[in-house]
Amino acid sequence: MKAREIRSRFLEYFAAHQHEVVTSSSLVPRDDPTLMFTNAGMNQFKAVFLGLEKRDYVRATSVQKCMRVSGKHNDLEEVGKDARHHTFFEMLGNWSFGDYYKRESIAWGWEFLTKEMGLDPERLWVSVYKDDDESFGIWEKEVGVPAGRIVRLGDIEQGDEENFWSMADTGPCGPCTEIHYDQGEAQKCDHPDGCFVGVCDCDRWLELWNHVFMEFDRQEGGKLIPLPMKSVDTGLGFERLVTVMQGKQSNYETDVFTPMIARVAELSDRAPEGEDRISMQVIADHARACAFTVADGAIPSNQDRGYVVRRILRRAARHGHLLGLEKPFLFEIADVVIAEMGDAYPELVERRERILEVIRKEEERFGRTLAGGLQVYAEFKAAMSRDGRTEISGAEAFKLHDTFGFPVDLTAVVAEEDGFTVDRTGFSVCMEEQRARSGSERVYREGLGAWQPVADADLAGYRGAFTGYDALTGSGQPVALRAAGDQVHLLLDATPFYGESGGQVGDSGTITLQPAGTVLKVVDTQAAEEGSSLVLAGTVEDLLPALAAAESVDQVVDADARLSTMRHHTATHLLHAALRRVLGDHVEQAGSVVDPRRLRFDFRHDQALTADELTQVERLVQDRILDNRPVVRHDDMALDDARGRGAMALFGEKYGDRVRVIEIHGGAQANQAAPDAGDLFSLELCGGTHCLATGDIGPFRIVGEGSVSAGVRRIEAVAGIVARDLTHRDRDQLAALGRVLRSDGAGYSEQVDELLAEQKALRKELSGQRSASAQAGLEDALAAPQAIGDLRLVAAAVPADDKDAFLKLGDHVRDKLGTAGVVVLAADIGGKAMVLVTLTSDLVASKRLHAGNLVKEIAAAAGGRGGGRPNMAQAGLPDAAAVATVLAAAPGVVETQAG
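A brief structural summary. In this text, all values refer to a predicted model and were calculated from it rather than measured experimentally.

1. As for the packing of helix H1 (residues 3-15) against helix H5 (residues 238-245)
If you want to describe how two helices pack, look at the angle between their axes and the distance between the axes. The contact between H1 and H5 brings their axes to 10 Å, and the two run at 120°. As summarised for this structure, H1 and H5 are arranged oblique, according to the angle between their axes. In the crossing of H1 with H5, the sense of the turn from one axis to the other is right-handed. Residues Ala3, Ile6 and Arg7 of H1 pack against Phe238, Leu241, Val242 and Met245 of H5. For the contact of H1 with H5, the per-class residue count stands at six nonpolar, no polar and one charged.

Written as structure tokens, this is what we have:
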């Protein structure tokens with residue numbers, strides 16, 4: 001049975017048992033900042049299990065995309081070496097939210113495996129948690145599994161969590177029962193305590209399906225609190241099931257992986273055997289991981305999820321080098337992944353170009369650093385030989401990581417080839433030291449000097465007070481200052497100036513030193529560990545005496561700029577909430593900028609917003625502004641309480657035990673002054689400054705929407721005075737347009753459409769004339785095509801206004817040749833050079849030549865890339881100068897490939 005069929009049969013089975021078929025959630029968790037990647041099918045239902053969310057169904061089934069490469073489930077270093085470890089994998093699952101429980105879950109699991117899949121019941125074993133007599137009884141008395149094939153495991157009181165499942169250190173958990181498949185005596189191990197379920201971890205006993213019976217919410221410290229309802233969470237390993245169904249011993253031998261491995265073998269011209277087989281398995285797995293993570297918006301970088309993706313990609317690239325693949329290749333394997341899995345995951349097909357582009361560029365980037373890194377490694381290797389060492393030090397491994405981007409496991413792979421090991425503990429120490437330095441030394445990289453106390457202030461652990469939530473003026477005492485290039489940073493014991501953080505820009509204004517009356521301009525305010533840092537023009541030497549003599553510092557924030565910033569910040573919260581209501585709860589903030597002139601909001605969403613969606617979002621924000629409800633500020637809320645209420649938190653942000661929360665209501669009961677629990681519109685953790693009421697925002701307009709990267713969109717908007725002024729400018733422009741167009745004619749848009757249509761028709765007529773001229777110019781070449789054996793070749797540079805005209809010229813020449821004809825045309829179209837190959841139908845039918853193969857080799861002569869169908873293919877060229885090069889190369893390529 002093929003993998004595709006197994007996947008669909010699973011969903012069909014549970015759909016027939018009244019389960020809602022739920023689409024896989026993204027690999028990038030949308031609403032759970034504790035997760036790097038989605039690592040289990042139940043992640044998207046976590047809030048349901050906790051009783052914080054209700055769905056309109058109580059039974060669900062899904063095939064979930066999963067990644068386990070970090071934290072508790074770190075499998076990366078084992079991937080490719082054995083039969084079962086993977087980074088990306090699929091989890092078949094079914095869930096009950098307070099509906100059915102153990103009896104149904106167990107019965108359906110057994111029936112699906114033995115009846116639907118046809119597995120031999122005699123080869124299935126079962127494990128249960130040690131005290132779970134109910135599950136034991138169901139297996140033995142109702143399903144009919146002999147007691148000798150049911151094993152009791154685990155004891156959480158003794159720290160043994162076998163058959164007691166939890167998603168993480170905290171969260172939903174409960175006892176579970178697992179179904180194992182006996183792969184036979186041939187896979188038996190020689191474990192000293194015997195080869196048996198729960199004793200050894202060999203390939204004989206293959207765990208297939210875990211049925212978790214959710215009863216508890218594990219708290220910090222390990223305390224188990226009963227959940228509001230008893231639920232079921234099951235996970236059936238898709239790759240493992242396919243392996244059993246196809247009679248294989250390794251997941252990599254199934255049709256889940258063989259197409260990718262076959263492509264690697266083809267590119268490397270090596271057989272999948274021995275060490276080469278391991279490298280091919282690594283590449284096949286990692287190509288899947290890269291394709292899916294990039295599709296879901298995780299782009300290779302040096303931080304967070306992006307760093308994990310970069311590690312995976314570069315590990316695959318290194319194994320490619322072991323196979324002799326010196327040029328970028330992983331993007332081609334990812335293309336196989338898309339072809340094989342695009343029917344089940346259409347987002348792969350929709351984002352194909354972006355996926356391949358990101359992977360290829362990252363491969364190219366790594367290729368430029370790999371040679372230098374290997375050269376430094378060779379120096380380390382020589383030093384180890386001289387010193388008689390067999391271990392690469394932590395400092396050496398860290399240098400390869402920090403300078404050349406080598407993940408430590410990649411260094412370990414290279415070292416292992418030479419019989420060396422890596423001091424991972426020492427490497428971790430170096431990493432921690434770098435993290436510590438990044439905080440303390442960042443100021444020096446930015447040109448900041450050390451703080452100089454104005455008096456005898458002790459700055460150890462010092463934190464100035466911020467008073468700007470409730471005031472725009474205030475008095476403070478100078479504490480310290482430091483150099484910042486041609487500016488100075490001033491620290492006061494209390495200030496209303498907001499330091500730039502959380503996307504909100506810093507305040508500007510003035511300060512007056514008393515009693516001297518010296519006025520200084522504050523050009524910006526930066527956040528520092530010690531408090532808001534006021535940025536002044538001047539030098540420490542000039543300002544220190546005046547500050548030391550000051551008895552106090554009167555401060556005045558630029559009110560117009562602050563109030564405009566506040567309008568944009570509160571509008572940003574409304575925008576975020578509106579986007580989630582219009583587009584869905586997957587929308588998650590990915591960055592923001594809030595200043596007096598505009599707001600910019602980046603968010604996770606897979607496609608451009610339609611005009612209707614933008615209108616809905618804009619109107620929803622405007623409606624909440626018109627509600628004029630209070631913006632409720634919780635300056636000191638427990639983090640757990642905030643999360644319990646559903647406050648939005650950002651992935652990667654570090655929060656203390658106490659947080660600040662901004663709460664906005666609206667919609668139902670909109671005219672009430674007091675918040676109502678039923679009309680909560682926005683609840684976010686936020687340390688910024690905000691309006692007192694939504695009506696203070698004033699006018700609001702969205703001015704732009706676009707793409708930032710794969711899976712991330714950006715909206716720009718304006719509010720308040722800026723939005724008012726924009727409206728006035730638009731009105732003036734419309735009036736000016738009205739003076740140009742016919743006042744007695746159709747509407748403005750209709751008149752503009754008419755003018756554009758007329759322009760388009762004229763351009764089309766001109767293009768037709770140019771095309772006819774180009775065809776006439778090819779008559780000489782058609783009259784005397786170049787003979788290559790029994791073939792006739794027309795190779796020429798042609799003028800073309802656009803790609804469509806270029807392709808039509810190729811069709812024209814091909815049709816004129818009739819039979820045994822090869823057409824190679826090149827053109828510079830709007831600054832983009834291209835080459836086109838077309839073949840007459842007789843050559844395509846005989847499979848003597850393939851246009852895609854021809855264009856690849858012809859374009860490669862000038863550094864171009866491309867491909868296409870057997871009858872027609874095209875390629876891009878680096879520049880217009882390459883046109884002559886490819887035309888000169890064409891006859892030789894045609895002769896070689898024609899044989």
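That covers the picture; the talk isn't over yet.
2. Quick look at the side chain of aspartate 233
Mapped onto the elements of the fold, aspartate 233 is located in strand S11 (residues 224-237). Buried charged residue aspartate 233 carries no salt bridge. Nearest counter-charge: arginine 68, at 8.4 Å. Polar side-chain contacts of aspartate 233 include one of 2.7 Å to the side chain of tryptophan 95. Apart from residues no more than four positions distant in its own chain, aspartate 233 is found in contact with Met42, Phe49, Asn94, Trp95, Trp165, Asn210, His211, Val212 and Met214.

3. Some details on the sheet that holds strand S28 (residues 680-685)
The strands making up a sheet associate through hydrogen bonds between their backbones, and the pairing can be parallel or antiparallel. Pairing is antiparallel in the open sheet, where three strands are placed in the order S26-S27-S28. Two strands bound the open sheet, and with one partner strand each, they are strand S26 (631-638) and S28. The mean angle between the axes of side-by-side strands here comes to 20°, regardless of whether they run parallel or antiparallel. With six bridges connecting them, S26 and strand S27 (residues 658-665) associate as antiparallel partners. Along S27, the bridge assignment pairs histidine 634 with valine 661. Docked against the sheet, helix H17 (residues 559-583) engages S26, S27 and S28, running at close to 120° with respect to S28.

Rules and cut-offs
Starting afresh in each chain, residues are numbered from 1 along the sequence in its written order. Totals for whole chains, interfaces and linings use every residue, but because this is a predicted model, local features are given only for residues with pLDDT of at least 70 and side-chain atom pairs only at 80 or more, for both listing and counting. Side-chain figures throughout are based on the complete set of non-hydrogen atoms in the structure, without hydrogens or water. Fitting a line to C-alpha atoms yields each axis, with helices limited to the stretch in contact; the angle taken between N-to-C directions then spans 0 to 180 degrees. Here a helix means four or more residues in a row that DSSP labels H or I, a strand means two or more in a row labelled E, and each is numbered from the N terminus. Comment on the angle field: the value is read as roughly parallel under 35 degrees, roughly antiparallel over 145, roughly perpendicular from 65 to 115, and oblique elsewhere. Crossing handedness: left-handed means the near helix sits turned counterclockwise from the far one by under a right angle, and right-handed means the same turn made clockwise. Any pair of residues with heavy atoms lying within 4.5 Å of one another is described as a contacting pair. Under the scheme applied here, ten amino acids are nonpolar (Ala, Val, Leu, Ile, Met, Phe, Trp, Tyr, Cys and Pro), four are charged (Asp, Glu, Lys and Arg), and all others, including Gly, are polar. For every residue, the accessible area (1.4 Å probe, protein chains only) is compared with the maximum for its type, and the residue is labelled buried under 20%, exposed over 50%, or partly exposed between those bounds. Neither His nor the chain ends is counted toward charge; the positive residues are Lys and Arg and the negative residues Asp and Glu. Put simply, a salt bridge is a Lys or Arg side-chain nitrogen that is within 4 Å of an Asp or Glu carboxyl oxygen. N or O atoms within 3.5 Å of each other form a polar contact, as long as, within protein, one can give a hydrogen and the other can take it, and as long as residues adjacent in sequence are counted only when both atoms are side-chain atoms. Between any two strands, pairing holds if DSSP finds at least two bridges.

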